Amino acid sequence: MKTLPLAWRSYVALVVGSSAAVVAAVLGLNYVLDPYLIHQWQTPRMYQLRPQREKLSAWGKTYALARLRPQVVYLGNSRTELGLPADFPAFAKQQVFNAALSGASLSDAMGMARHAAYMGPVQTAVWGIDAPSFHLAVGNTDFNRELVADARWYGLRRTLLDLKRALSVDMTLDSLRILRGTYGSVCQSSLVFRGQRDDACINDRIHGWGGTQAAIAPRLDEFVRGDGPEADALAALDHSVQQLCNVRTRVRLYINPTHAMMLDALYWSGKWRAMEQWQVALTNWAAKMRGRQCDVRLFDFSGFNSVTTEAIPKASGQRGMQYYWETSHYRANVGRMILARLFASGDVPADFGVELLPQQMAQHLAALRAGREAFHQDHPIETAMARQAAAGARQP
């Protein structure tokens, strides 16, 4: 068998060695600078200002959950992520982490619940839901399910995943931006606030959209076009919550208080009946879970109340809103009211938040319908926008 000439062998060795050196350099650069904070917890890098858009937040949050092992976990989509603060007084003696993910579906929230429970023990799970995102498709495309802990060697597997991710082009480009000082310094990572988004990030994003009023129509369209509620999702939720119950976690589910015009858009788009049936099914399910000795309670903060019917800027003449960033996402002052109602700890408007119980559902749904009709009379501008969004959603 012929061997390569010495010159060729030297050339191959040089190419292979150079390639390995480049790969090692890129790997080392990205892993050390870690522009997306995929393996940072209580490090100086975590507290540095960053761009408004938070990339790969699922990576950072699953790592933080593994390190912090909180007793209280918040689950859900961006509404919970923006709205529920970790520094709630009733949890002062416990570790709290907001594990909600932007764009998350029910399936994504279930993945985070499974991960948190494995790292455990989780004593309390606070879980925000809404009809449009109540489905099993992947919502947050950055949430690689390999990030969910399910084996003894999670730490090693996670390190290998982080190293693999560190070889990506986008991570390399952002590492170079950090070195050049052009990466952006708008706001702090959600990790600094135990998983809740920094208000400065949201303000910058709202400004980029052209202000609160300009952000309303896109959020309405997004909400009314949601794929949920999906028929099979409740069975999946049952399995997920049962796993939490098995380790004695108390579970508090709540329907997000999106602005009333979001719920009204579901009505004008023909989705009201499906929403009602979903609430009834959830209520009956929660009652059955309690019959299994699971500490599960379900609350509805949506509908037409003193918080959700706040006038939008087009109607009030104000630049912003007291309770909402825009009509899809509520502020932390609303999140504190939610937590106060869920755990009977603090002052809450009397009409904000009701526990859903089977024997009271007929009355609850009748009140929703009456509130809707009153909203149409008292809020013509918001009603017109809701109807317009519904008409757009019906177009092919």
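Residues numbered from 1 in each chain as written. Predicted model: local features only at pLDDT ≥ 70, side-chain atom pairs only at ≥ 80, totals over all residues. Heavy atoms only, no water.

Here we come to the overall build of the chain. A tally of helices and strands in the chain yields 15 helices and 6 strands. Here the C-alpha atoms of the chain give a radius of gyration of 24 Å, agreeing with the 21 Å that 2.2 N^0.38 yields for 396 residues. Per-residue burial for the chain yields a buried fraction of 52% across its 396 residues. Within the chain, contacts between residues separated by at least 24 positions form 80% of all contacts whose residues are at least 6 apart in sequence. Entry remark: accessible area of the chain is about 18100 Å², with carbon and sulfur atoms responsible for 55%. Computed over 43 positive and 33 negative side-chain charges, the separation of the two mean positions in the chain equals 7 Å. (Helix = DSSP H or I, 4+ residues; strand = E, 2+ residues; numbered from the N terminus. Rg over C-alpha atoms; globule rule 2.2 N^0.38 Å. Buried < 20%, exposed > 50% of the residue type's maximum accessible area, 1.4 Å probe, protein only. Contact = heavy atoms within 4.5 Å. Areas by Shrake-Rupley, 256 points an atom, 1.4 Å probe, with all protein chains shown as cover. Lys, Arg positive; Asp, Glu negative; His and termini not counted. Charge placed at Lys NZ, Arg CZ, Asp CG, Glu CD.)

Here the focus is the pairing of strand β3 (residues 124-129). Of all 6 residues in β3, 6 are buried, a share of seventy percent or more. Here β3 shows no split at all, with Thr124, Val126 and Gly128 on one side and Ala125, Trp127 and Ile129 on the other all buried. Relative to β3, strand β1 (residues 72-75) is paired through 4 bridges, and the arrangement is parallel. Looking at β3, one finds that Leu75 is bridged to Trp127. Here 6 bridges tie β3 to strand β4 (residues 250-255), and the two strands are oriented parallel to one another. Bridging across to β4, Ala125 finds its partner in Val251. (Pairing = 2+ DSSP bridges.)

Omega for the peptide link from Gly120 to Pro121 comes to 0 degrees, which places this bond in the cis form. As for its position among the elements, Pro121 is in the loop between α4 (106-119) and β3. Note the cis peptide between Gly228 and Pro229, where omega equals -5 degrees. Looking at where Pro229 falls in the secondary structure, it is placed in the loop between α8 (212-224) and α9 (233-246). Located in the positive-phi region is Arg248, a residue other than glycine, with phi close to 65 degrees. Positionally, Arg248 belongs in the loop between α9 and β4.

Moving on, we come to a nonpolar patch on the surface. Taken together, Val169, Leu173, Leu176 and Leu179 make up a surface patch of nonpolar side chains, about 370 Å² in accessible area. Along the chain, Leu173 turns up in helix α6 (residues 169-180). The exposure class of Leu173 is partly exposed, given its relative accessible area of 40%. (Patch = residues over 30% accessible without salt bridge, like charges linked within 9 Å, V, L, I, M, F, W, Y side chains within 5 Å. Salt bridge = Lys/Arg side-chain N within 4 Å of Asp/Glu carboxyl O.)

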